[in-house]
Amino acid sequence: MLELDDSRWSQLTHAYGPASDTPSLLRSLAERSGQLGANDEPWFTLWSSLCHQGDVYTASYAAVPHVVGIALAQSDPFDFSFLLLPASVEVARANGRGPAVPDFLRPTYDLAISRLPDCVSAHRDQTWNQDMTIAAMAALAVSKKHHTLAEAVMNLDEDWISKINNGDWD
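Residues numbered from 1 in each chain as written. Predicted model: local features only at pLDDT ≥ 70, side-chain atom pairs only at ≥ 80, totals over all residues. Heavy atoms only, no water.

A word on the nonpolar core. In a soluble, globular protein the nonpolar side chains are often hidden away together inside. Counting residues in each nonpolar core, the largest one holds 51 residues, and the members touching the most others are Trp 9 and Leu 83. Where this core is concerned, the elements lending two or more residues are helix 1 (22–32), helix 2 (43–50), helix 3 (58–73), helix 4 (81–94), helix 5 (106–114), helix 6 (116–122), helix 7 (130–143) and helix 8 (147–154). If you tally residues by element for this core, the top one is helix 3, at 9 residues. Apart from residues no more than four positions distant in its own chain, Trp 9 is found in contact with Leu 2, Glu 3, Leu 4, Ala 19, Ser 20, Thr 22, Pro 23, Leu 26, Ala 59, Ala 62, Ala 63 and His 66. (Core = buried A, V, L, I, M, F, W, Y, C linked by side-chain atoms within 4.5 Å. Buried < 20%, exposed > 50% of the residue type's maximum accessible area, 1.4 Å probe, protein only. Helix = DSSP H or I, 4+ residues; strand = E, 2+ residues; numbered from the N terminus. Contact = heavy atoms within 4.5 Å.)

A few words on unusual backbone geometry. Among all residues except glycine, the phi angle is most often negative; among peptide bonds, the trans geometry is most common. Geometrically, the link from Glu 41 to Pro 42 is a cis peptide bond, its omega value of 5 degrees lying close to zero. Tracing the chain through its elements places Pro 42 in the loop between helix 1 and helix 2. Unlike most non-glycine residues, Gln 53 shows phi in positive territory, near 50 degrees. For Lys 145, which is not a glycine, the phi torsion comes out positive at approximately 70 degrees. Tracing the chain through its elements places Lys 145 in the loop between helix 7 and helix 8.

Moving on to the state of the cysteines. Scanning all chains against the criterion turns up 0 disulfides. Residue Cys 51 stays outside any disulfide, its sulfur separated by 17 Å from that of Cys 119, the closest cysteine. (Disulfide = S-S within 2.5 Å.)

Within this structure, the stated rule accounts for 3 aromatic pairs. Geometrically, the ring pair formed by Trp 43 and Phe 82 is edge-to-face, given 4.8 Å between the ring centres and 85 degrees between the ring planes. Placement of the pair is Trp 43 in helix 2 and Phe 82 in helix 4, with a sequence separation of 39 residues. Assigned by exposure class, Trp 43 and Phe 82 land together as buried. Relative to Phe 82, the ring of Phe 78 has its centre 5.1 Å away and its plane inclined at 65 degrees; by these criteria the two rings are edge-to-face. The class for Phe 78 is buried, based on a relative accessible area of 8%. Chaining the aromatic ring pairs together yields one cluster made of Trp 43, Phe 78 and Phe 82. Lys 163 extends its terminal NZ or CZ atom over the ring of Trp 160, reaching a point 5.5 Å from the ring centre. (Phe/Tyr/Trp six-rings, centres within 6.5 Å; stacked < 30°, edge-to-face > 60°. Lys NZ or Arg CZ within 6 Å of the ring centre and 35° of its normal.)

Shown next, in the form of structure tokens:
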């Protein structure tokens, strides 16, 4: 895993340029993980910079192992973004919506994606709302390399769920 004090963060990029600010956002996330919602900082900035309008960047791949590690260390309920951000990054990568994963990040990135089921399992006894359940399903799908299924699950909302359940395809 790329350590948060590694100088290579400034050589990685996100949607707004060099990713030298990403380590401080990840530190903040680790400190406040159980108290945050998806629209709170640092989530808002992490989403905006690492998975911007469906595009991902080299910093996205470096951040995913940290996000997954924080989720695995968290015993309290956490925001669905801990599962959905890594799943979204992986779907975007698989769809060619970002650069290749740099060789020096590949092993820890792949390991983090493979550990998403561990995150789901670690929090299985907690109460989940629909957003968390969708994020968990997407995380499980990408961990098993079912990227199109994960993308379909991530696109579910009340309207789509109702249409599917009612067979309303028009």
